[in-house]
Amino acid sequence: QVQLVESGGGLVQPGGSLRLSCAASGFSLAYYAIGWFRQAPGKGREGASCIERDGTTYYPDSVKGRFTVSRDNAKNTVYLQMNSLKPEDTGVYYCARLQATYCLSGSPHYWGQGTQVTVSS
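As the structure is a computational prediction, the values presented were derived from the model and not from experiment.

Our focus in this paragraph is the packing of aromatic side chains. One pass over the structure, following the stated rule, counts three aromatic pairs. Relative to W111, the ring of F37 lies with its centre 5.0 Å away and its plane at 55°, an arrangement referred to as tilted. In this pair, F37 sits in strand β4 (residues 34–39) while W111 sits in strand β10 (residues 108–111), placing the two residues 74 residues apart along the sequence. In this structure F37 comes out as buried when scored by relative accessible area, which is 16%. Taking relative accessible area as the criterion, W111 reaches 34% and is therefore assigned partly exposed. Linked through ring pairs, F37, Y94 and W111 together constitute an aromatic cluster. In this arrangement the basic side chain of R45 is found over the ring face of W111, its NZ or CZ atom lying 4.5 Å from the centre. In this structure, R97 is placed above the aromatic ring of F27, and the distance from its NZ or CZ to the ring centre is 4.8 Å.

Thresholds, definitions, all that
Residues numbered from 1 in each chain as written. Predicted model: local features only at pLDDT ≥ 70, side-chain atom pairs only at ≥ 80, totals over all residues. Heavy atoms only, no water. Phe/Tyr/Trp six-rings, centres within 6.5 Å; stacked < 30°, edge-to-face > 60°. Helix = DSSP H or I, 4+ residues; strand = E, 2+ residues; numbered from the N terminus. Buried < 20%, exposed > 50% of the residue type's maximum accessible area, 1.4 Å probe, protein only. Lys NZ or Arg CZ within 6 Å of the ring centre and 35° of its normal.

Right under this line is the structure:
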């Protein structure tokens, strides 16, 4: 019954912006740490951001200052605002519910299907 559905991906030029959405059903994401992950072509899956119940956020250095994760509890949705996009940001973006309260101590437990982001001129 737990389900996460990503949307908002697409093709954008370098320097452009996209906002990804992660809509949850079957549970309230307000009580969980939610992570965004991405997988570039030929690379492994890596973390892109994480947000905790109290709103605390984490970002890898590769996206810090460019990406912002937020949540709208009323819509049961987590967002990833992606600005100043670079070609190396290209990949499939997934959201996941972590099996822990905190981002740094949890592991992905439920995954969405992913949404493609392509940054190219």
